[in-house]
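Structural features, examined
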Amino acid sequence: MDTGTHLVIGLGLAGLAYVDPVVASNGAVSTAVLIGTVVGSQAPDADTLLRLKDNATYIKNHRGASHSLPALLIWTALISGFLWLFFGNLPMTHVVMWVFIAVAFHVFTDLFNTYGTQAIRPFSERWVAWNIIHIFDPFIFTSHVLAIFLWSFHLVRPEVLFPILYGAIAVYYIWRSCYHYLLESRIYKRDLAYEPGDRYIFIPTVHLYQWQVLKKKETGSFVLGEYRNRRLKWVDCVTCADHPAVEASKSHPDIASFLYFSSYACADVREHAWGYEVRWVDVRYRHRKQYPFVAMLLMDAQYKPIDSYVGWLSHSRLEKKLRLDLY
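Residues numbered from 1 in each chain as written. Predicted model: local features only at pLDDT ≥ 70, side-chain atom pairs only at ≥ 80, totals over all residues. Heavy atoms only, no water.

Take T76: it is sitting in helix α5 (residues 69-87). Note on T76: relative accessible area 5%, which makes it buried. If sequence neighbours within four positions are ignored, T76 has contacts with V96, V99, F100 and V103. (Helix = DSSP H or I, 4+ residues; strand = E, 2+ residues; numbered from the N terminus. Buried < 20%, exposed > 50% of the residue type's maximum accessible area, 1.4 Å probe, protein only. Contact = heavy atoms within 4.5 Å.)

Written out as structure tokens, the structure is:
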């Protein structure tokens, strides 16, 4: 989820904590839990600081080790330890429990997005992305904001309000998961161009009933489309280049980081007088007829790197970023 949604979820979990009599009966404990759930709901994304090093390191590691199984315990211990030092005498069993819930809920919600996490490390470094909930979901965000408003003005008791909120959100997640499964498993019946071996991936948007559709062909090419109003419309086809420059680019650290993260990468090669331009795109992220999540490498005629870029960028900004005066 986005940072704003994680923040309101942290506040919402602090309200939910009032179902715990130990939290509800002591102001110091409820304050400590509030701090713990808010910080815990943000902590796994501390790896965003890797941007300060470079984009390749950030892309390779964001939502990786910081969202792993050991990290759940580490974040909980660090945050709970800070609260114990700051507040002194606290019922730590209860505080630790609510901090852990906040950290674990952060990782759990990220599993439903397209970006995904490495939540099953150290057992596997596989990226888990269920493509069910958009990174910003209006229902989840606005329902939390409304509940926090009602709680802040003492219009509804938190021990009544927040169990209802999270019960509704649980139903929402179950409904979205079932709906997503039904769409993916039956879409081939609506695709007039279906061929055996085609794989379909439904990618959520901010609209409940609108999805981006990705069809992966057995040939390795991709077909991109939209599903809205119960209609499937194909809008683009991406064919991956087969060229020695593509293979050579894979050994570059920036490209390797991009490929480590994305299982839906496709390369295009352009030849120039000075060498080759290899552009990798993640075909899951199509926006305004472009693929803004890119990894690009310029190489000379002997496949030696000249310049590179990896990250989110528009075409015009990409040209400014790289030394394209070589043209």
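Once that is clear, we can look at the pattern of salt bridges. Applying the stated rule across the entire model yields 13 salt bridges. Of the charged contacts in the structure, one is a salt bridge between E159 and R157, with a shortest N-O distance of 3.1 Å. The exposure class assigned to R157 is exposed, which follows from its relative accessible area of 53%. With a closest N to O distance of 3.8 Å, E226 and R228 form a salt bridge. Since its relative accessible area comes to 27%, E226 is described here as partly exposed. What emerges from the salt-bridge pattern is a single network uniting D191, E195, D198, K215 and K217. (Salt bridge = Lys/Arg side-chain N within 4 Å of Asp/Glu carboxyl O.)

Taken together, 4 strands build an open sheet; the order of strands is β1-β2-β3-β4 and the sheet is antiparallel. At either end of the open sheet lies a strand with only one pairing partner, and these are β1 (199-204) and β4 (231-238). The sheet shows a mean angle of 25° between the axes of neighbouring strands, direction not considered. With 6 bridges connecting them, β1 and strand β2 (residues 211-216) associate as antiparallel partners. Bridging from a neighbouring strand, Y200 pairs with K215 of β2. Relative to the sheet, helix α8 (residues 158-186) contacts β1, β2 and β3 (222-228), its axis offset from that of β1 by approximately 145°. (Pairing = 2+ DSSP bridges. Axes fitted to C-alpha atoms, helices over the stretch in contact; angles between N-to-C directions.)

Turning next to the pairing of strand β5 (residues 265-272). Pairing analysis gives 8 bridges linking β5 to strand β6 (residues 275-282), with the strands arranged antiparallel. The residue bridging R270 from the neighbouring strand is E277, located in β6.

On to the UniProt feature "transmembrane region" (unreviewed entry) in the protein, then. Per the UniProt annotation, the sites labelled "transmembrane region" (unreviewed entry) are residues 69-89, 95-115, 127-154 and 160-182. Taken end to end, residues 95-115 has its terminal C-alpha atoms 30 Å apart, with 76% of it in helix and 0% in strand. Helix makes up 100% of residues 160-182 and strand 0%, whereas the separation of the span's terminal C-alpha atoms amounts to 34 Å. (UniProt positions renumbered as here; feature names shortened; annotations may be inferred.)

Cis geometry is adopted by the peptide bond preceding P122, which originates at R121 and carries an omega value of 10°. Among the structural elements, P122 can be located in the loop between α6 (92-110) and α7 (138-152). Despite not being glycine, N229 shows a phi value in the positive range, around 55°. Summarising the element assignment, N229 is placed in the loop between β3 and β4. Of note, R230 is a non-glycine position whose phi angle comes to about 65°, a positive value. Following the sequence through the fold, R230 ends up in the loop between β3 and β4.

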